[in-house]
Amino acid sequence: MIKILRIEESLFSENEKIANEVSSILKERKILSFNIMGAPGSGKTTFIEKTIEMLKNDFRFGIIEGDVEGKYDSEKLEKFNIPIVQINTGGACHLEANMVKNGILNLPLENIDILIVENIGNLICPAEFPIGIEKNIVVSSITEGEDKVEKYPLMFKISHICILNKIDLLPYIDFNVKKFEDELKRLSPQINFIKLSSKTGENFNQWIEFLRKLMKEKRS
Ligand code: MG
Ligand code: ZN
């Protein structure tokens, strides 16, 4: 079921306060949450789709989909029969904490183990607006080029996990994985780096195992 909310930007000064509220609501309920960021076309929705497909029998998911307009991505996830809130920002190119707060207040939190927020496709300002979500994930695909870490350092710096997506296309595209990884580790030594293909499923288990470990920590 998709609920659609239209919420516009608020004052920047309010953002951090509301982000803290979101964070305590989720912490109190022991919900593991992910903020999925990345450029348009990096494969964020397909990554989410594959994650739910592989774990839907083990955990209960809730989704907040952020888009400037429309509900295209929400409709792709509707088949899982999970609660989805679609947020339309009406122009803003990032999600803000007040939007996410409205989103979670419209979700049945008591029936959710893992909350996935898909941010607006953009490598710049989503990194500048904390939204109170526990783990930041940046999805970067090899079709975008190996220079993304160097060009958008803040995004990679604030992320806990970097997914290098679409590795099934490596035979067809000039992309130096080592160069990407070296730059990433230089900028953000603690980051968890996983290369995979959401389409073919190659290496996807590495991410699934990592997520299971996070869930175990959350519940212990
Ligand atoms: Mg998407
Ligand atoms: Zn923006």
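These notes cover the structure that comes with them. Quick caveat, the model's predicted, so the values are computed rather than measured. (Residues numbered from 1 in each chain as written. Chains lettered and ligands numbered in written order. Predicted model: local features only at pLDDT ≥ 70, side-chain atom pairs only at ≥ 80, totals over all residues. Heavy atoms only, no water.)

Moving on: the coordination of the zinc ion (ligand 2). Each protein donor to the zinc ion (ligand 2) is listed here as Cys93 (SG), His94 (ND1) and Cys125 (SG); together their distances run 2.0 to 2.3 Å. Linear spacing of the donor residues for the zinc ion (ligand 2) on their chain is C-H-x30-C. Placement of the pair is His94 in the loop between β4 (84-88) and α4 (97-105) and Cys125 in the loop between β5 (114-118) and β6 (135-141), with a sequence separation of 31 residues. Per residue, the accessibility class of His94 equals that of Cys125, and both read buried. (Donors = N, O, S within 2.8 Å, 3.2 Å for Na, K, Ca; no water. Helix = DSSP H or I, 4+ residues; strand = E, 2+ residues; numbered from the N terminus. Buried < 20%, exposed > 50% of the residue type's maximum accessible area, 1.4 Å probe, protein only.)

Regular strands have side chains that alternate between both faces of the sheet. In terms of residue burial, β4 counts as a mostly covered element, since five of its five residues are buried. Both faces of β4 are covered, namely the face carrying Ile84, Gln86 and Asn88 and the face carrying Val85 and Ile87. Bridge count for strand β3 (residues 61-67) against β4 is five bridges, and the pairing is parallel. Paired with Glu65 across the two strands is Gln86, which belongs to β4. Between β3 and its parallel partner β4, the chain crosses via helix α3 (residues 72-77), and the hand of that crossover is right-handed. (Pairing = 2+ DSSP bridges. Right-handed = clockwise from strand over helix to strand, strands pointing away.)

Within the secondary structure layout, Glu65 lies in strand β3. No salt bridge is formed by the buried Glu65. Its closest oppositely charged neighbour is Lys44, at 8.1 Å. Ignoring anything within four residues of it in the chain, the contact list for Glu65 reads Ile48, Asp73, Ser74, Leu77, Val85, Gln86, Ile87 and Glu118. (Lys, Arg positive; Asp, Glu negative; His and termini not counted. Salt bridge = Lys/Arg side-chain N within 4 Å of Asp/Glu carboxyl O. Contact = heavy atoms within 4.5 Å.)

Here the focus is the packing of aromatic side chains. Scanning the model with the defined rule gives six aromatic pairs in all. Seen from their ring centres, Phe47 and Phe204 are 5.7 Å apart, and the 55 degrees between their planes marks the pair as tilted. In this pair, Phe47 is assigned in helix α2 (residues 44-55) and Phe204 in helix α8 (residues 204-219), connecting sequence segments 157 residues apart. The two residues Phe47 and Phe204 agree in class, both being buried. Look at Phe47 and Trp207: their rings are 5.1 Å apart centre to centre, the planes differ by 40 degrees, and that puts the pair in the tilted class. (Phe/Tyr/Trp six-rings, centres within 6.5 Å; stacked < 30°, edge-to-face > 60°.)

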